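Below, each chain spelled out in residue letters.
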Amino acid sequence: MKTRRLTVLISGNGSNLQALIDARDQGRLRIEIVQVISNRADAMGLKRADRAGIPALIIDHREFPDRASFDAQLAAAIQAGAPDLVVLAGFMRIIGPAVLEPFEGRMINLHPSLLPRYRGTHTYQRALDAGDVEHGASIHFVSEVLDGGPVLSQLRIPILDKDDKTTLAARLAPMEHRLLVSTIEFLTRHEVECRDETIYVDGKPLNRPLLLQPDETLS
Ligand code: GRF
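Attention in this report is confined to the structure presented alongside it.

All residues adjacent to the ligand are Asn-13, Gly-14, Ser-15, Asn-16, Gly-90, Leu-110, His-111, Pro-112, Tyr-124 and Glu-176. Contact distances for the ligand include 3.4 Å between an oxygen atom and a side-chain N or O atom of Asn-13. Contact between the ligand and Asn-16: an oxygen atom at 2.7 Å from a side-chain N or O atom of the residue. Relative to its free-state accessible area of 360 Å², the ligand is covered by the protein chains to the extent of 82%. Structurally, the ligand is housed in the largest pocket.

Moving on, we come to the sheet that holds strand β10 (residues 204-205). The strand order across the open sheet formed by three strands is β8-β9-β10, and the pairing between neighbours is antiparallel. In this open sheet, the two edge strands, each paired with only one partner strand, are β8 (192-195) and β10. With four bridges joining them, β8 and strand β9 (residues 198-201) adopt antiparallel strand pairing. When the bridges of β9 are listed, Arg-195 appears paired with Thr-198.

Let's shift gears to the sheet that holds strand β11 (residues 210-211). In space, the eight strands of this open sheet follow the order β3-β2-β1-β4-β5-β6-β7-β11, with mixed pairing throughout. The sheet is open, and its two edges are formed by β3 (56-58) and β11, each paired on a single side. Pairing analysis gives seven bridges linking strand β6 (residues 134-141) to strand β7 (residues 151-158), with the strands arranged antiparallel. Bridge pairing in β7 places Glu-134 opposite Pro-158. On top of the sheet, helix α2 (residues 44-51) reaches β1 (4-10), β2 (31-38) and β3; it is set at about 155° to β3, its chief contact. Strand contacts of helix α6 (residues 165-189): β1, β2, β4 (85-88), β5 (107-111), β6, β7 and β11, with the helix running at about 150° to β7, the strand carrying the most contacts.

Attention now moves to the nonpolar core. The biggest cluster of nonpolar side chains holds 46 residues, and the ones touching the most others in it are Val-8, Leu-20, Ile-33, Val-87 and Ile-184. Judged by nonpolar contacts, the second largest core, of 17 residues, contains Leu-9, Ile-59, Ile-78 and Val-99.

Let us look at the pairing of β9. Here β8 folds back onto β9 in antiparallel fashion, the turn holding two residues, of which Asp-196 has a positive phi close to 45°. Bridge count for β9 against β10 is two bridges, and the pairing is antiparallel. Along β10, the bridge assignment pairs Tyr-200 with Pro-205. Hairpin remark: β9 followed by β10, antiparallel, with two residues in the connecting loop; positive phi at Asp-202, about 45°.

Another aspect to go through is a negative patch on the surface. Taken together, Glu-101, Glu-104, Glu-144, Asp-196 and Glu-197 make up a surface patch of like negative charges. Structurally, Glu-101 can be placed in helix α4 (residues 97-103). Look at Glu-101 and you get exposed, because its relative accessible area is 58%.

Contact pair helix α1 (residues 15-25) / α2: the axes reach a minimum separation of 9 Å and the direction vectors enclose 15°. With respect to their mutual orientation, α1 and α2 come out roughly parallel. α1 and α2 meet at a crossing whose hand is left-handed. Mapping the contact onto sequence places Ser-15, Leu-17, Gln-18 and Ile-21 in α1 and Gly-45, Arg-48, Ala-49 and Arg-51 in α2. Of the residues in the contact of α1 with α2, the class split is three nonpolar, three polar and two charged.

Procedures and definitions
- Residues numbered from 1 in each chain as written.
- Predicted model: local features only at pLDDT ≥ 70, side-chain atom pairs only at ≥ 80, totals over all residues.
- Heavy atoms only, no water.
- Near = heavy atom within 4 Å.
- Polar contact = N/O pair within 3.5 Å; in protein donor to acceptor, adjacent residues only side chain to side chain.
- Areas by Shrake-Rupley, 256 points an atom, 1.4 Å probe, with all protein chains shown as cover.
- 1 Å grid on protein atoms, 1.4 Å probe; cavity = no way out; pocket = protein on both sides within 12 Å on 5 of 7 lines; lining within 4 Å.
- Sits in = over half its atoms within 2 Å of the grid points.
- Pairing = 2+ DSSP bridges.
- Helix = DSSP H or I, 4+ residues; strand = E, 2+ residues; numbered from the N terminus.
- Contact = heavy atoms within 4.5 Å.
- Axes fitted to C-alpha atoms, helices over the stretch in contact; angles between N-to-C directions.
- Core = buried A, V, L, I, M, F, W, Y, C linked by side-chain atoms within 4.5 Å.
- Buried < 20%, exposed > 50% of the residue type's maximum accessible area, 1.4 Å probe, protein only.
- Patch = residues over 30% accessible without salt bridge, like charges linked within 9 Å, V, L, I, M, F, W, Y side chains within 5 Å.
- Salt bridge = Lys/Arg side-chain N within 4 Å of Asp/Glu carboxyl O.
- Lys, Arg positive; Asp, Glu negative; His and termini not counted.
- Charge placed at Lys NZ, Arg CZ, Asp CG, Glu CD.
- Parallel < 35°, antiparallel > 145°, perpendicular 65-115°, else oblique.
- Left-handed = near helix turned anticlockwise from the far one by under 90°.
- Nonpolar A, V, L, I, M, F, W, Y, C, P; charged D, E, K, R; others polar.

Spelled out as structure tokens, the structure:
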């Protein structure tokens, strides 16, 4: 099994990045995190990258006159690392075509909802307001539609009567870490392709997202 080269895009805390670093250090994931890119200079995830000895780069969208020039810079930076996979782990910017096209089918995003429900932000409150009995997280291939690309994997958690958006987010966070690590482990063990809005695993179309059960891994 060859080591996969990952570039991780972040905007904030970077706890999911940390989960990848820890899984790498424990020998659970055969990955090299070649680069961390943040659009915010104050992202805690930059400190995590630094501590782990991973090269990190800040590309602050506010320093660019328009979206196209930010996208061009971001695309060039990612390409310089020659990653096999680009992981959006709490990256709070829309990915434009200049970034997406070179990496289509090789770029995944972690989103805190059971897609296709609740694309965009405030997913916890929206699930609570709708009276949902469960919430969860999804990993999908990035497409030009925000949080809209084909969903590769999901994890579900129950919504409890006493939940508010803070408790729900706090319970989901460690589950997101598990989902991300397990999904990347799956990607290192299988041939996974995404073409024409369909995901193929070892040549077979994936009819529904992989569902990660509590205390299991994706096989
Ligand atoms: C996660 O909830 C992820 O689903 C969302 O942003 C959050 C990132 O958290 N896209 P962290 O920065 O990895 O701690």
